[in-house]
Amino acid sequence: MATTPEHHYRVNLSSERTFTSALKSSLKETFFPDDPFRNFTGLPMHKKAWNGLKYFVPVLDWAPKYTLSNLWGDMLAGVTIASLAIPQGISYAGLAKLPPVIGLYSSFVPPLVYAVFGSSKNLAVGTVAAASLLIVSIIENKVTASKKLDLYTQLFFTAAFFTGIFQMALGFLRLGFLVDFLSRSTITGFMGGTAILIILQQLKGMLGMKHFTTKTDIVSVLRCIFENRHEWQWQSAVLGVCFLSFLILTQYVRKKQPKLFYVSAVAPLMVVIMGGLFAFLIHGQHHGIPIVGDLKKGLNPISISELKFQSQYIGTVVKAGIISGFVALAEGVAVGRSLAMMKNEQIDGNKEMVAFGMMNLAGSFTSCYLTTGPFSKSAVNYNAGCKTPMSNVVMSLCIMFVLLFLAPLFKYTPLVALSAIIISAMLGLIKYKQIIAIYKVDKFDFCICMAAFVGVVFFSMIIGLGVSVVLGIIRALLYVARPITCKMGNINGGEIYCDITQYPDAYPPHNMLILQVGSPIYYANADYLRERIARWVEDEEKAANANGEDLLYVIINIGGVTSIDNTGIGMLQEVHKYLERKGIKMALTNPRLQIVDKLRISGLIDLIGEYWIFLSVGDAVNACRYTLRQESKHNNDGKV
């Protein structure tokens, strides 16, 4: 067969990387895709050390550049989110079945730690409803709050300890990509289902009930509510409807007039104050309106000695800490990135994980339970004009003032007010428009979303989350096991080659079959690709023979193949032998550096011939046409 024409640009097959350089490049792309130390090159050692310290402790970067103008924005934002943190802290502590003051403790120490180690300028730290209920669902399988409140509370602290260790480990080991297995569809369905459960759980407070189920599925909750109809208090129900209507109205005002965001931000605190005054004046606890009860005055007590590492509890707290920590990370990092994008900024996900881990570890030592970056509070922080993480410090100072001087005043806060606050917050987590959009765009994504939603609502939070994650992983494996291949054709005789299914006007060159593989070639998909290529060849041969032609060349575009293993290389060798037996020449186009290394070492390039490795499909087609012309000329000369 004639040789191919020389081209000015050819695939570089001569450069060879050492194993060390290849491994270094692979590890860098896996664990340091953002290349955080790229600006260290050429700096003296002391500056490298200082920049490294600033990288791990961001406060050293922004604090020296802090200005009075920044302070004004952060003070306004800090006071605003503090007004939201007080009622939310008390409410979410109640949701977790913890003493209300622990919700305030959790809004004091963790924000201070985050201000030192956090990289987001917009994130506001606090407790979240979904994680609170998730920890409850796990710990109550071992200990119930109604029977052993002290032990129950200590297990919450211990779970926060393991959450901190887990999150710090993910950050330091640069394993943040693991959080990506919680897809947006999974989070949407999980949060929506959790919101439904939490709303139903709050019917206990809305109706003034005293007894309630420890189960979280919707059937058990509804059964408990209707079996205890004799405990319903109409006074609580009326007051709850009034509070909830007021809160929903303020949210409506915020949507219509975004500049009035502070109306909905301070509304929960107004509900707590008005409800407390009302309950105090009419002695609500004696008239069907249960109240919070005594709140201890003073700062967070040290809780290191209260952590429970005994064998009978360790399994429960590790499970609660890791699962809730994973969910909290996904929410916190997603919120931080979303708000950063609105300011054209970037945050380091791995640094955020370290910051979350540090604040949860410190929190577990100071009577706090799990905290992260809740969307509602962070959105208020952003809209209030925060400039730096100092807004979290301002919020923390406000909470400290409340703990030192004002905590007992919240004694008369009606439980129904807290339930109304939680319900109003949960309504925003049911993203029905987003679920509809997911259905329209991708039906499999919709199934993943609904698996989380239905699993959480009808079974348990862990089952819903687990099933959804498993479906997501199965989908990812299907993408690898069944990669998309396509037949390519030419448009209008130019140099552009594309999928003939997408562009029906495109046509393949005569005597040639051009295929494109757009995924890594692994053991999981090698057999499928071999069979698929063989099927393409057979179909093309039939079509060519019907037109009185022969299929002479198969061009495989592997520009989209990012990696290949031994099984994949073996598959290409088998395809080459299969085509060779049929008298068909095989060519490869646009292989990446990593692929070239393996093809050269395995001997596949020698088998195919280095002159049949091309930079582009156009080059390959031109070479095949040149070879055909040369053979035709040679045959004609022979006849003469």
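You'll find the structure just up there.
Just so it is clear, the structure is predicted and the values come from calculations on it, not from any experiment.

Participant: Describe in detail the environment of Gly-357, supporting the description with residues and values.
Facilitator: Mapped onto the secondary structure, Gly-357 falls in helix H15 (residues 349-365). C-alpha of Gly-357 to C-alpha of Asp-606: the two residues are 249 residues apart in sequence and 52 Å apart in space. Sequence-distant contacts of Gly-357, that is, excluding residues within four places in its chain, are made with Gly-164, Gln-167 and Met-168.

Participant: Kindly report on the sheet that holds strand E4 (residues 553-557), identifying the contributing residues and their values.
Facilitator: Taken in spatial order, the six strands make up an open sheet running E2-E1-E3-E4-E5-E6, and their pairing is mixed. Sheet topology places strand E2 (497-499) and strand E6 (613-614) at the edges, where each strand pairs with a single neighbour. Here helix H22 (residues 526-546) sits on the sheet and contacts strand E1 (485-490), strand E3 (512-517) and E4; the angle it forms with E3, its principal contact strand, is near 155°.

Participant: Describe the nonpolar core, and please don't skip the residues or the numbers.
Facilitator: Judged by nonpolar contacts, the single largest core of 108 residues is most densely connected at Phe-156 and Phe-190. Not counting the four nearest positions on each side in its chain, Phe-190 is found in contact with Ala-130, Val-327, Ala-452, Val-456, Met-461 and Leu-465. Tyr-497, Val-517, Val-554 and Ala-587 belong to the second largest nonpolar core, which has 48 residues in total.

Participant: Describe the environment of Asp-527, with residues and values.
Facilitator: Relative to the assigned elements, Asp-527 resides in helix H22. Considered as a pair, Asp-527 and Arg-482 are 45 residues apart in the sequence and their alpha carbons are 9.9 Å apart. A polar atom in the side chain of Asp-527 sits 2.5 Å from the side chain of Arg-530.

Participant: Please set out the side chain of Ser-563 residue by residue, giving values where relevant.
Facilitator: With respect to the helices and strands, Ser-563 occurs in the loop between E4 and helix H23 (566-581). A distance of 2.5 Å separates polar atoms of two side chains, one belonging to Ser-563 and the other to Tyr-522. With residues near it in sequence (within four places) discarded, Ser-563 still touches Pro-520, Ile-521, Tyr-522 and Ile-595.

Participant: Could you give me a rundown of the pattern of salt bridges, with the residues and numbers involved?
Facilitator: Applying the stated criterion across every chain yields a total of nine salt bridges. The partner of Arg-530 in a salt bridge is Asp-527, with the nearest N and O atoms 2.5 Å apart. With a gap of three residues between them, Arg-530 and Asp-527 both fall in helix H22, about one helical turn apart. Between Glu-574 and Arg-530 there is a salt bridge, with its nearest N and O atoms 2.8 Å apart.

Participant: Account for helix H8 (residues 149-172), with residues named and values stated.
Facilitator: With 24 residues, H8 should reach 34 Å at 1.5 Å per residue; the first-to-last C-alpha distance of 35 Å fits that figure. Taken across its 24 residues, H8 has 19 buried, putting it largely inside the fold. Positioned one or two residues after H8, Arg-174 has a phi angle of 60°, which is positive.

Participant: Describe the pairing of E4, listing the residues and the values that go with them.
Facilitator: Among the five residues that make up E4, five are buried, leaving the element largely enclosed by the rest of the structure. Side chains of E4 alternate between two faces, with Tyr-553, Ile-555 and Asn-557 and Val-554 and Ile-556 buried alike. Of the pairings in the sheet, the one linking E3 to E4 comprises five bridges and is parallel in character. Bridge pairing in E4 places Leu-513 opposite Val-554. In terms of handedness, the path from E3 via H22 over to E4 forms a crossover that is right-handed. One ladder, built from five bridges, connects E4 with strand E5 (residues 585-589); its direction is parallel. The residue bridging Tyr-553 from the neighbouring strand is Lys-585, located in E5. What joins E4 to E5 is H23, and the crossover it makes is right-handed.

Here is what the cut-offs are and how they apply
Residues numbered from 1 in each chain as written. Predicted model: local features only at pLDDT ≥ 70, side-chain atom pairs only at ≥ 80, totals over all residues. Heavy atoms only, no water. Helix = DSSP H or I, 4+ residues; strand = E, 2+ residues; numbered from the N terminus. Contact = heavy atoms within 4.5 Å. Pairing = 2+ DSSP bridges. Axes fitted to C-alpha atoms, helices over the stretch in contact; angles between N-to-C directions. Core = buried A, V, L, I, M, F, W, Y, C linked by side-chain atoms within 4.5 Å. Buried < 20%, exposed > 50% of the residue type's maximum accessible area, 1.4 Å probe, protein only. Polar contact = N/O pair within 3.5 Å; in protein donor to acceptor, adjacent residues only side chain to side chain. Salt bridge = Lys/Arg side-chain N within 4 Å of Asp/Glu carboxyl O. Expected span 1.5 Å × (residues − 1). Right-handed = clockwise from strand over helix to strand, strands pointing away.

These figures come from the coordinates and say nothing about function on their own.
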